[in-house]
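Okay, here's what each chain looks like letter by letter:
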Amino acid sequence: MTESPDRGSIPDKGLIESLIQREARSRLLIEHLPFGVFVFNPRHQVVTIYKQPDDVEPVPGLVEGQSPVSSIWGLANLQKFSTALDDVLTTGKRTHFPFYLPSIENGTIRHFNIHFVRLEPQFVLVLFLDYTEHARVCAQRLADARRESSANKQESLSLLAASIAHDVNNIFSVVLNTAEAAWTDAADDETLLAIDTIRDAVRRGKSMMRELMTF
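Residues numbered from 1 in each chain as written. Predicted model: local features only at pLDDT ≥ 70, side-chain atom pairs only at ≥ 80, totals over all residues. Heavy atoms only, no water.

### Considerations on the overall build of the chain
Now for step 1: Along its length, the chain carries 5 helices and 5 strands.
Now for step 2: In sequence order, the chain lays out its α and β elements as α-β-β-α-α-β-β-β-α-α.
Now for step 3: The 215 residues of the chain split such that 24% are buried.
Now for step 4: Carbon and sulfur atoms make up 57% of the accessible area of the chain, which amounts to about 15000 Å² in all. (Helix = DSSP H or I, 4+ residues; strand = E, 2+ residues; numbered from the N terminus. Buried < 20%, exposed > 50% of the residue type's maximum accessible area, 1.4 Å probe, protein only. Areas by Shrake-Rupley, 256 points an atom, 1.4 Å probe, with all protein chains shown as cover.)

Printed below as a string of structure tokens:
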């Protein structure tokens, strides 16, 4: 009698199809993520590059089979990244923080938010979300708001100065009119001289207020 084959050693067709579909869904999900997806090993080497960030230049210094280097990332960045990678591998706790790297294209600073997730005891998934454009827009809005605030303050000060100058000018007018009337009725030269001094001072004051209002 011929023995039947050991079916336990033959993968179930449905299971295979299920795994294939799951793998396809996973890759589709990764393709539509807006950030770069990388896997690192304990030696800080890039094991796999699933994808780079969408619609922007690639993350600099990441090559499969190699570790990032300080000549591209800078020593402080490299130490910060390596420490986080080791901590995640040791503790299994997820972490994330802002990260800044130079642009290969124009030398400007690129803004990233990077997330670390331990996949297995020997591998860490690292996600690079590039928010450089968002940071630029926010900085521009902040600068515009500051300029608008400064302009509003300047306008308020101008209105206040004009109001004060107008009120002071009215007071000078009253003083000048009173001095003119007193000068007409003055009985002696000494009084005339004093009134004339007052009139000259008031005229200079009114001229200063006109200049202030013009300013």
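Here the narrative resumes.
### A word on the sheet that holds strand β3 (residues 95–102)
Whenever strands of a sheet pair, they do so through backbone hydrogen bonds, lying parallel or antiparallel.
Now for step 1: An order of β2-β1-β5-β4-β3 is seen for the 5 strands of this open sheet, with the pairing classed as antiparallel. The strands lining the two open edges of the sheet, one partner per strand, are β2 (46–51) and β3. This sheet shows a mean twist of 25° between the axes of neighbouring strands, independent of strand direction.
Now for step 2: Bridge count between strand β1 (residues 36–40) and β2: 4 bridges; the pairing is antiparallel. When the sheet's bridge partners are listed, valine 37 is paired in β2 with lysine 51.
Now for step 3: Each of β1, β3, β4 (109–120) and β5 (123–130) touches helix α3 (residues 75–91); the most contacted strand, β4, lies at about 20° to it. (Pairing = 2+ DSSP bridges. Axes fitted to C-alpha atoms, helices over the stretch in contact; angles between N-to-C directions. Contact = heavy atoms within 4.5 Å.)

### As for the packing of aromatic side chains
Now for step 1: Considering all chains together, one arrives at 11 aromatic pairs under this definition.
Now for step 2: Seen in terms of ring centroids, tryptophan 73 and phenylalanine 99 are 5.4 Å apart; in terms of plane orientation they differ by 70°. Their pairing is edge-to-face. You can see tryptophan 73 sitting in helix α2 (residues 70–73) and its partner phenylalanine 99 sitting in strand β3, a full 26 residues away along the chain.
Now for step 3: You can call tryptophan 73 buried: its relative accessible area is 3%.
Now for step 4: Taken together, a centroid distance of 5.6 Å and an interplanar angle of 35° make the contact between phenylalanine 97 and phenylalanine 116 tilted. Placement of the pair is phenylalanine 97 in strand β3 and phenylalanine 116 in strand β4, with a sequence separation of 19 residues.
Now for step 5: Under the relative-accessibility criterion, phenylalanine 97 is labelled buried at 12%.
Now for step 6: For phenylalanine 116, a relative accessible area of 0% corresponds to the buried category. (Phe/Tyr/Trp six-rings, centres within 6.5 Å; stacked < 30°, edge-to-face > 60°.)

### Details of the nonpolar core
Now for step 1: Of all hydrophobic cores here, the largest spans 21 residues; its most connected members are Phe81, Phe99, Phe116 and Phe128.
Now for step 2: Counting residues per element, the ones that place at least two in this core are β1, α3, β3, β4 and β5.
Now for step 3: When residues of this core are assigned to their parent elements, the largest contribution, 6 residues, is made by α3.
Now for step 4: Among residues more than four places away in sequence, those in contact with phenylalanine 128 are Phe35, Gly36, Phe38, Pro53, Val59, Leu62, Trp73, Phe81, Phe99, Phe112, Asn113 and Ile114.
Now for step 5: Counting residues in hydrophobic clusters, the runner-up holds 6 residues, among them Val37, Val39, Val117 and Leu127. (Core = buried A, V, L, I, M, F, W, Y, C linked by side-chain atoms within 4.5 Å.)

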